[in-house]
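Observations on the model geometry
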Number of protein chains: 2
Amino acid sequence: MIGKLSEEDRAVALADLPQWTSVAEPEGISRRFTFTDFVGAFGFMTRVAILAEKADHHPEWSNVYNRVDILLTTHDAGGLSQRDIDLAHAIDALAD
Amino acid sequence: MIGKLSEEDRAVALADLPQWTSVAEPEGISRRFTFTDFVGAFGFMTRVAILAEKADHHPEWSNVYNRVDILLTTHDAGGLSQRDIDLAHAIDALAD
C-alpha cells in the first residue's frame, strides 16, 4: 500500500509541477486543460485513460465540451501520493 | 436555435426517461452509470462521445473509476431542450 507524501516531499514534488494546483478536499492536485473542441478534449482523455489504466491509478475528472478538469488524489493513502505525482508528469508529457 | 421545452413537453418527455433525474442548476437532467471497472466506464464514455459528437450536442460529465455521471442541458436554450431528450434516449439505448 502506498503512503501519503510528507509535507517536504510534497513541496519538492509540486515545484516540478507548476501547472498543477493543490486541492484541499480531497487532498490532491488539479489541472485544467483546454482544447479547440470536443474531439480534441476527448482524444486527450482517451490517451490519459490508457496511461491511467496501465498505471492502475485513475483520475477524478470531468469534461464540458473543450475543457477537461483532472483531479489526482490517492484514496488509499488519504491524500497525495507518489502515484499522483507520477501520473501528473505523464499527463503533462501528453499535453505539452 | 433550439428552444427550452415547455413545462408540459418536459413532463411528457421525462415520463419516458425514468432513470434520469431533474436538475435545477443548470436546468437539465442527470443519470449515474456504474460499471465493473474503469475500462467498462471509459468504454461507455467513448461510445457516448461518438454519439454526442455526431449529434453536435455534448454532455457535462464526470468519471471516478467505475462511475460516470452525465448531466444534459442546452446552454443555448437556457435549460432542457429536445436535444437533451434525444441524447438521453440514445445514451439509454447504449447502456441498457
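Residues numbered from 1 in each chain as written. Chains lettered and ligands numbered in written order. Predicted model: local features only at pLDDT ≥ 70, side-chain atom pairs only at ≥ 80, totals over all residues. Heavy atoms only, no water.

The following threshold applies: UniProt positions are given in the numbering used here, feature names are shortened, and annotations may be inferred rather than shown by experiment.
Going by what an unreviewed UniProt entry lists, chain A is known as Putative pterin-4-alpha-carbinolamine dehydratase and is assigned to Sphingobium cupriresistens LL01. According to the UniProt record, the Catalytic activity (unreviewed entry) comment for chain A reads "(4aS,6R)-4a-hydroxy-L-erythro-5,6,7,8-tetrahydrobiopterin = (6R)-L-erythro-6,7-dihydrobiopterin + H2O". UniProt, in its Sequence similarities (unreviewed entry) section for chain A, records the words "Belongs to the pterin-4-alpha-carbinolamine dehydratase family."

**Examining the environment of A:D96**
All names here are of chain A. Under the convention used in this document: Numbering goes from the N terminus for both helices and strands, where a helix is a DSSP run of H or I of at least four residues and a strand is a run of E of at least two. Buried, partly exposed and exposed residues are distinguished by accessible area as a fraction of the type maximum, computed with a 1.4 Å probe on protein chains only: under 20%, between the cut-offs, and over 50%, respectively. The contact rule is simple, with two residues in contact once any of their heavy atoms fall within 4.5 Å.
Mapping D96 onto the fold places it in the segment after helix 3 (82-95). Judged by relative accessible area, D96 falls into the exposed class, the value being 63%. Once residues lying within four places of it in the same chain are set aside, the contact partners of D96 are Q19 and R31.

**Some words on the relation of the copies chain A and chain B**
What counts is decided by this rule: The copies were overlaid by least squares, fitting only the C-alpha atoms of residues that reach a pLDDT of 70 or more in each copy.
It takes a turn of 180° to lay chain A on chain B, together with a shift of 0.0 Å along the axis; the resulting RMSD is 0.0 Å. Taken together, these values place the two copies in the relation of a two-fold axis. Scanning chain A for the C-alpha nearest the rotation axis identifies A:S62, at a separation of 2.0 Å. Interface overlap between copies is the fraction of interface residues in one copy that are interface residues in the other; for chain A against chain B it reaches 100%, indicating a shared surface.

**Observations concerning the packing of helix 2 (residues 38-55) of chain A against helix 2 (residues 38-55) of chain B**
To be explicit about the condition: Axis definition: a line fitted to C-alpha atoms, limited for helices to the stretch in contact. Angles are taken between N-to-C directions and run from 0 to 180 degrees. Each angle is binned into one of four classes, with values under 35 degrees roughly parallel, values over 145 roughly antiparallel, values of 65 to 115 roughly perpendicular, and all other values oblique. Residue polarity is assigned by list, with Asp, Glu, Lys and Arg as charged and Ala, Val, Leu, Ile, Met, Phe, Trp, Tyr, Cys and Pro as nonpolar; anything else, Gly included, falls into the polar class.
The contact between helix 2 of chain A and helix 2 of chain B brings their axes to 11 Å, and the two run at 170°. Between helix 2 of chain A and helix 2 of chain B, the crossing angle belongs to the class labelled roughly antiparallel. For the pair formed by helix 2 of chain A and helix 2 of chain B, the contact residues are A:F38, A:V39, A:F42, A:M45, A:T46, A:A49 and A:E53 on the first element and B:F38, B:V39, B:F42, B:M45, B:T46, B:A49 and B:E53 on the second. Per-class residue counts for the contact of helix 2 of chain A with helix 2 of chain B are 10 nonpolar, 2 polar and 2 charged.

**Brief notes about the pairing of strand 4 (residues 67-72) of chain B**
All names here are of chain B. As a reminder, the rule being used: At least two bridges found by DSSP between two strands is the condition for calling them paired.
Pairing of strand 2 (residues 28-34) with strand 4, which is carried by 6 bridges, proceeds in the antiparallel orientation. By the bridge assignment, R32 is partnered in strand 4 with D69. Across 5 bridges, strand 3 (residues 60-64) lies against strand 4 in antiparallel orientation. Across the sheet, the residue bridging to S62 is D69, located in strand 4.

**Digging into the interface of chain A and chain B**
In plain terms, the rule: Whenever a carboxyl oxygen of Asp or Glu lies within 4 Å of a side-chain nitrogen of Lys or Arg, that contact is scored as a salt bridge.
With 15 residues of chain A at the interface, the matching set in chain B holds 15 residues. Our count for the chain A to chain B interface comes out at 0 salt bridges. Where the side of chain A that touches chain B is concerned, the elements lending two or more residues are helix 2 and strand 3 (60-64) of chain A. At 7 residues, the largest contribution of residues to the side of chain A that touches chain B is made by helix 2 of chain A. Here the residues of the side of chain A that touches chain B are counted per class, giving 9 nonpolar, 4 polar and 2 charged. Examined bridge by bridge, strand 3 of chain A and strand 3 of chain B share 5 bridges and lie antiparallel to one another. Within strand 3 of chain B, the position partnered with A:N63 by the bridge is B:W61.

**So, the packing of aromatic side chains**
To describe a pair of aromatic rings, you give the distance between the ring centres and the angle between the ring planes. We count it as follows: The criterion for an aromatic pair is that two Phe, Tyr or Trp rings (for Trp, the six-membered ring) have centres within 6.5 Å, with stacked assigned to planes under 30 degrees apart, edge-to-face to planes over 60 apart and tilted to the rest.
Tallied over the full model, the rule gives 11 aromatic pairs over all chains. Through successive ring pairs, a cluster of aromatic residues spans A:F38, A:F42, A:W61, B:F38, B:F42 and B:W61.

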